[in-house]
Amino acid sequence: MNVLEILTQELKDKHWSLEEKIRYVYLRVCEFFVFDYRYRLATQLPNKDEILNYIDNKDIDLTNLNDRYIVCPTYTDKVMPIILQELFEKICNIRHVGGHYYPSCEINGIEIALDATIMDLLRVKMNLTTIGFIPDGENDSKVLYNYDKHLKEIDKSIGYIKDNYEDTFLKDCGRNFTERYLRGEYGEIVDSPDDEFLKKINFIENLYQKYNVQDNFTDAKFCLEYIAKFIFNKSDKARQLVSTLFLATDIEKEWDLINVWRFQLEQTAIFYSLKKENGEYHFGETPYNKILKYQDYKGEAKALLLTEPNTKVLL
């Protein structure tokens, strides 16, 4: 995939301002690239330094993109500044905050952060609000609020959203779930203390299919957990345990990653998993005996996660 050629063609007949074009490029870059989740898992491995060094310094060829996985150093050094230079002859500044890097550039007299790897690589694929495209170093809440309103109008004009971001839809789903459940919109109500909780799980499973994130683990995992954040209330969240289990292989190859969810019901626990099947990450209920095959995988809270279903664990 030639990223530079794709963007050039997409912008060719657009009579937009430079600000709109840079915003469009930022959103498209978030769609093209994926945060390398191995970066967060490597700390659990004895050869973590070797893995992190490889991920931090691997080559990115924007004219022939075969590896979409990036982290903040590769994005900052080899992606966004190169694209803005090639497309607009725009020079980026490189920001370094703690151990985090990101580029910024001047737009209409304001230095704008283009911090995609903090969260927006994930958020944009769900058409959510972005949090990394903001006036750089700005802490005044009124200024940020007004800029968000300005950005929303840009996002409408360039086609990222129609009326509202998906955040609004998800908040509505969570806020009105119980009311709709009691009206029977999610199926016949069963006389069981677990019924509404189970219907929420089913709702999350179905809603996950709406978003185009199934081709990689990082985005699929974020999507599920972000939906669940709105649908589950505080007591629901106390009944779930989620952990990423993984089998590390060659650092230049994709690892075997699985997200396991343990849901505590009144009498037992049930398990769901996000795992790769036929090239896509599917989420669904998984029998306990199949969960046990991940005993040799690494992962936080694995012992609690794999406890017998009939044994209640402190979640």
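Note: the structure precedes this text.
Rules behind the numbers
- Residues numbered from 1 in each chain as written.
- Predicted model: local features only at pLDDT ≥ 70, side-chain atom pairs only at ≥ 80, totals over all residues.
- Heavy atoms only, no water.
- Pairing = 2+ DSSP bridges.
- Helix = DSSP H or I, 4+ residues; strand = E, 2+ residues; numbered from the N terminus.
- Axes fitted to C-alpha atoms, helices over the stretch in contact; angles between N-to-C directions.
- Contact = heavy atoms within 4.5 Å.
- Core = buried A, V, L, I, M, F, W, Y, C linked by side-chain atoms within 4.5 Å.
- Buried < 20%, exposed > 50% of the residue type's maximum accessible area, 1.4 Å probe, protein only.

Novice: Would you mind showing me how to read the sheet that holds strand S4 (residues 100-107) here?
Specialist: Hydrogen bonds along the backbone pair up the strands of a sheet, which may run parallel or antiparallel. With respect to topology, 4 strands assemble into an open sheet ordered S3-S4-S5-S6, the strand pairing being antiparallel. Since the sheet does not close on itself, it has two edges, and those belong to strand S3 (93-97) and strand S6 (133-135), each with one partner. Pairwise comparison of adjacent strand axes, ignoring direction, gives a mean angle of 35 degrees for this sheet. With 4 bridges connecting them, S4 and strand S5 (residues 110-114) associate as antiparallel partners. In the sheet register, Ile107 faces S5, and the bridge partner there is Ile110. Strands in contact with helix H6 (residues 80-88) are S3, S4 and S5; relative to S4, the strand with the most contacts, it is inclined by about 20 degrees.

Novice: Any chance you could explain the nonpolar core here in plain terms?
Specialist: In a soluble, globular protein the nonpolar side chains are often hidden away together inside. In terms of nonpolar packing, the biggest core is built from 87 residues, with Phe33, Leu114 and Met126 touching the most fellow members. Counting residues per element, this core draws most heavily on helix H12 (residues 217-231), at 10 residues. When neighbours within four sequence positions are excluded, Leu114 is seen to be in contact with Ile22, Tyr26, Tyr75, Met80, Leu84, Cys92, Tyr102, Pro103, Ser104, Cys105, Gly132 and Phe133. Ranked by size, the runner-up nonpolar core spans 11 residues in total, among them Ile258, Ile291, Tyr297 and Leu306.

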